[in-house]
Amino acid sequence: MTADPPRLRADAQRNVEGIRLAALDVFRAGGLNSPLDEVARAAGVSKGTIYHRFGGRQGLIDAVVEDLFAERISGIITAVGAVEDPVERFEGYLRQIWLLSFDEPAANDVLLRAQPGSGMLMALCERASEVVGGFLADAQATGAIRADLTPDDVDVLIWERGIIARACDQRQREDFVRSCEHTLRGLRSAP
């Protein structure tokens, strides 16, 4: 039988929650590699407090990944999973994931697997890869999506779009969407 971990004092618990909320804001705005000094400043604590309470960047990411990204990816999976047409489901998943990577730097970091030391983050990426692999197989079974496209190819397409989103921060969203549509057309089988 293991003992429950010691309960934090009320002020320490407030610090932990303040750090989590600050990390959510800072990571959403600047990505997962944002300086921890920014998180500390936003939380009104020292950087040492972050290390003491979370063990560093990976622990902090693990503490916020559920709020930061897991709910979003689960929402995308649920929404496109309800689409009956397998091709629309597959393409809808890619559209939504690509737009998420464009709109949110932290989500893009997750999709690019920029923090491989985060077990929770990597597990989330693996789950998403398995889901899109199933969507791909169903879409290919219709004959509308190229038969030579593999789940690894789809992962690379997601990474490429993420890199483009990161590198082209001056691009308009409409231009990004248009280029995504060109990519999707290239995944179709020849008529």
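Our subject is the structure that appears above.
The following refers to the structure shown. Please read all numbers here as calculations on a predicted model, not as lab measurements.

The rules we used
Residues numbered from 1 in each chain as written. Predicted model: local features only at pLDDT ≥ 70, side-chain atom pairs only at ≥ 80, totals over all residues. Heavy atoms only, no water. Helix = DSSP H or I, 4+ residues; strand = E, 2+ residues; numbered from the N terminus. Buried < 20%, exposed > 50% of the residue type's maximum accessible area, 1.4 Å probe, protein only. Contact = heavy atoms within 4.5 Å. Lys, Arg positive; Asp, Glu negative; His and termini not counted. Charge placed at Lys NZ, Arg CZ, Asp CG, Glu CD. Phe/Tyr/Trp six-rings, centres within 6.5 Å; stacked < 30°, edge-to-face > 60°. Lys NZ or Arg CZ within 6 Å of the ring centre and 35° of its normal. Core = buried A, V, L, I, M, F, W, Y, C linked by side-chain atoms within 4.5 Å. Patch = residues over 30% accessible without salt bridge, like charges linked within 9 Å, V, L, I, M, F, W, Y side chains within 5 Å. Areas by Shrake-Rupley, 256 points an atom, 1.4 Å probe, with all protein chains shown as cover. Salt bridge = Lys/Arg side-chain N within 4 Å of Asp/Glu carboxyl O. Axes fitted to C-alpha atoms, helices over the stretch in contact; angles between N-to-C directions. Left-handed = near helix turned anticlockwise from the far one by under 90°. Nonpolar A, V, L, I, M, F, W, Y, C, P; charged D, E, K, R; others polar. 1 Å grid on protein atoms, 1.4 Å probe; cavity = no way out; pocket = protein on both sides within 12 Å on 5 of 7 lines; lining within 4 Å. Points joined across faces, edges and corners; volume = space filled by probe spheres on them.

## Considerations on the overall build of the protein chain
For the protein chain, the helix and strand inventory stands at nine helices and zero strands. Along the protein chain, helices and strands appear, N-terminal first, in the series α-α-α-α-α-α-α-α-α. Dimensions of the protein chain, computed from the C-alpha atoms along their principal axes, are close to 65 × 50 × 25 Å. For the protein chain, the residues scored as buried account for 42% of the 191 residues in total. Sequence-distant contacts, at least 24 apart, represent 69% of the contacts inside the protein chain between residues at least 6 apart. Across the protein chain, the centroid of the 22 positively charged side chains sits 5 Å from that of the 29 negatively charged ones.

## Overview of the packing of aromatic side chains
In this structure the tally under the stated criterion is two aromatic pairs. Seen from their ring centres, tyrosine 93 and phenylalanine 135 are 5.7 Å apart, and the 70° between their planes marks the pair as edge-to-face. Of this pair, tyrosine 93 sits in helix α5 (residues 86-103) while phenylalanine 135 sits in helix α7 (residues 119-141), and the two are 42 residues apart along the sequence. The burial state of tyrosine 93 is the same as that of phenylalanine 135; both residues are buried. With a centroid separation of 4.7 Å and an interplanar angle of 25°, the aromatic rings of phenylalanine 102 and phenylalanine 176 are classed as stacked. Of the two residues, phenylalanine 102 is situated in helix α5 and phenylalanine 176 in helix α9 (residues 173-186); the sequence distance between them amounts to 74 residues. In this structure, arginine 161 is placed above the aromatic ring of tryptophan 98, and the distance from its NZ or CZ to the ring centre is 5.8 Å. One cation-aromatic arrangement involves arginine 161 over phenylalanine 176; the distance from NZ or CZ to the ring centre is 5.7 Å.

## Things to note about the nonpolar core
Grouped burial of nonpolar side chains is what soluble globular proteins tend to show. Core analysis: the largest hydrophobic core is formed by 56 residues, its most contacted members being Phe27, Val39, Leu60, Phe90, Tyr93 and Leu94. With 11 residues, the top contributor of residues to this core is helix α4 (residues 57-81).

## Quick notes on a nonpolar patch on the surface
Taken together, the side chains of Val156, Trp159 and Ile163 define a hydrophobic patch exposed on the protein surface, amounting to about 250 Å² of accessible area. The topology assignment puts tryptophan 159 in helix α8 (residues 151-167). By relative accessible area, tryptophan 159 is classed as partly exposed at 32%.

## Here's the deal with the packing of α7 against α8
Between α7 and α8, whose axes approach to 9 Å, the crossing angle comes to 120°. Here α7 and α8 pass one another in a crossing that is right-handed. Where α7 abuts α8, its residues Ser129, Val132, Gly133 and Leu136 lie against Pro151, Val154 and Asp155. Looking at the contact of α7 with α8 residue by residue, the classes come out as four nonpolar, two polar and one charged.

## Observations concerning the pattern of salt bridges
Tallied over the entire structure, the rule returns 10 salt bridges. Here glutamate 17 and arginine 20 are joined by a salt bridge, their closest N and O atoms 3.3 Å apart. Taken together, the residues glutamate 17 and arginine 20, both in helix α1 (residues 10-30) and three residues apart, mark about one turn of the helix. The exposure class of glutamate 17 is partly exposed, given its relative accessible area of 34%. The salt bridge partner of aspartate 67 is arginine 20, with a shortest N-O separation of 2.3 Å. Highlighted residues: aspartate 67 in helix α4 and arginine 20 in helix α1, separated in sequence by 47 residues. A residue is classified by how much of its surface remains accessible, and aspartate 67, at 28% relative accessible area, is partly exposed. Judged by its relative accessible area of 15%, arginine 20 falls in the buried class.

## Things to note about empty space enclosed by the protein
Applying the stated criterion across every chain, the model contains one cavity of 30 Å³ or more. Taken as a whole, the largest cavity spans an internal volume of roughly 100 Å³. Every residue along the wall of the largest cavity is listed here: Tyr93, Val110, Leu111, Arg113, Cys125, Ala128, Ser129, Val132, Asp155, Ile158 and Trp159. Among the elements of the structure, α6 (105-111), α7 and α8 are those that each provide at least two residues to the lining of the largest cavity. The greatest single-element share of the lining of the largest cavity, amounting to four residues, is contributed by α7. Here the lining of the largest cavity is composed, by residue class, of eight nonpolar, one polar and two charged.

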